[in-house]
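So you can see what is in the structure, the chains are spelled out below.
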Amino acid sequence: MSDLKLRPEISFAQTFLCSAFAACFAELCTIPLDTAKVRLQLQKKTASGDGVSVSKYRGLMGTVVTIAREEGLWALWNGVIAGLHRQCIYGGLRIGLYDPVKTFLVGSDFVGDIPLYQKIFAALLTGAIAIVVANPTDLVKVRLQAEGKLPSGVPRRYYGALDAYCTIVRQEGLGALWTGLGPNIARNAIVNAAELASYDQVKETILKIPGFTDNIFTHILAGLGAGLFAVCIGSPIDVVGFLSPLLLSAKNNSLAAPNISISLYRLTTKVKSRMMGDSAYKNTVDCFIKTLKYEPTGILECDHVSDP
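Residues numbered from 1 in each chain as written. Predicted model: local features only at pLDDT ≥ 70, side-chain atom pairs only at ≥ 80, totals over all residues. Heavy atoms only, no water.

Close contact between helix 3 (residues 80–96) and helix 7 (residues 181–207) brings their axes to 11 Å; oriented N to C, the two are set at 55°. By the angle class used here, helix 3 and helix 7 are oblique. For the crossing formed where helix 3 meets helix 7, the hand is right-handed. On helix 7, the residues that touch Arg86, Tyr90, Arg94 and Ile95 of helix 3 are Asn188, Asn192, Glu195 and Leu196. (Axes fitted to C-alpha atoms, helices over the stretch in contact; angles between N-to-C directions. Helix = DSSP H or I, 4+ residues; strand = E, 2+ residues; numbered from the N terminus. Parallel < 35°, antiparallel > 145°, perpendicular 65-115°, else oblique. Left-handed = near helix turned anticlockwise from the far one by under 90°. Contact = heavy atoms within 4.5 Å.)

What follows is the structure, encoded as structure tokens:
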């Protein structure tokens, strides 16, 4: 129910712990797909003997199989400790703060249905706040996932999550832990708004149907509806023609045809992974420009898997 006066009292700590636990469980189940996504986003094509560009990883499942075959099955869980750190902080904060922020926006004395725009604004704020705090864990997770099988005699950059935190701070400075924060905020705030606001709105709508009460079945239906809405909004946001003029033709170095549609969401996640996995990029804008300039078609070829 949206009436703030009629809601059962659930403390921030309880909401945080339940959200963090659920997010960690989801992370354990989905991190192999996330590892494959990061490898696809970070890979750069290499030229074969006949001059044709080739990619080591092809497709989501092909990448999973290649990693398991070359590096062992457990390599798919690289970065899981940092991933659990991320989900504890990000998953707990983005959901735990949602109701308090929403109540703050409308006032504790508010009675009635909270406007949808207030729900969206609250979810945008909590998503942004949560990822600002959790960005170091996201960075370390991506760096560990990016580590592939190294040639014999080449030492690893990091020997675990804690070592990665210390090494990054020692070699690159404390601020480096917030590398990629810009695209990370944009991506996670939008996804959080799509998930939480739609869940809240769908549940509110279901509860107005005679015979429905606030039980587990209603929560499942609301979750299914929110998941569908989040996928429709968060993943395939295709900006037709908006970024097309920026794509350089691989053949003549001219502007690509304006009918090409690329996913802004996919580009943002790729830039985020690039910045977090490779310290060669100066900033977000530099990473965007180099990705568009040197690998325009790679954006479209990268398989996408959303974070849980």
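On to the packing of aromatic side chains, then. Applying the stated rule across the entire model yields 3 aromatic pairs. Measuring from ring centre to ring centre gives 6.0 Å for Phe12 and Phe16, while their planes differ by 45°; the resulting arrangement is tilted. Residue Phe12 and its partner Phe16 are both found in helix 1 (residues 12–42); the two are separated by 4 residues, about one turn of the helix. Consider the rings of Phe212 and Phe217, whose centres lie 6.3 Å apart with planes at 10°: the pair is stacked. (Phe/Tyr/Trp six-rings, centres within 6.5 Å; stacked < 30°, edge-to-face > 60°.)

What follows concerns the pattern of salt bridges. Close approach of charged atoms allows side chains with opposite charge to pair. The final tally for this structure, using the stated rule, is 14 salt bridges. In this structure, the salt-bridge partner of Lys119 is Glu204, at a minimum N-O distance of 2.9 Å. Of the two residues, Lys119 is situated in helix 5 (residues 116–146) and Glu204 in helix 7; the sequence distance between them amounts to 85 residues. Residues participating in the shared-partner salt-bridge network are Glu27, Asp34, Lys37 and Lys141. (Salt bridge = Lys/Arg side-chain N within 4 Å of Asp/Glu carboxyl O.)

Bringing the environment of Leu40 into the picture now. Take Leu40: it is sitting in helix 1. Considering only alpha carbons, one finds Leu40 and Ala146, 106 residues apart in sequence, at a separation of 9.6 Å.

Looking at the chain as a whole, its pLDDT mean stands at 76, while 68% of the residues score no less than 70. In this model residues 236–263 is a low-confidence stretch, pLDDT under 50, and it forms 43 contacts with partners more than four residues away in sequence or in other chains. (pLDDT = per-residue confidence, 0-100.)

Across soluble globular proteins, nonpolar side chains show a tendency to be buried alongside one another. With 12 residues, the main nonpolar core is built from Tyr90, Leu93, Leu97, Tyr98, Val101, Ala122, Ala123, Ala130, Ile131, Ala134, Ala193 and Leu196. Looking at this core, the elements with two or more residues in it are helix 3, helix 4 (98–106), helix 5 and helix 7. Looking at which element gives the most residues to this core, the answer is helix 5, with 5 residues. Not counting the four nearest positions on each side in its chain, Leu97 is found in contact with Phe12, Gly92, Thr126 and Ile129. The next biggest cluster of nonpolar side chains, apart from the first, holds 11 residues, and it includes Val140, Leu144, Tyr165 and Leu177. (Core = buried A, V, L, I, M, F, W, Y, C linked by side-chain atoms within 4.5 Å. Buried < 20%, exposed > 50% of the residue type's maximum accessible area, 1.4 Å probe, protein only.)

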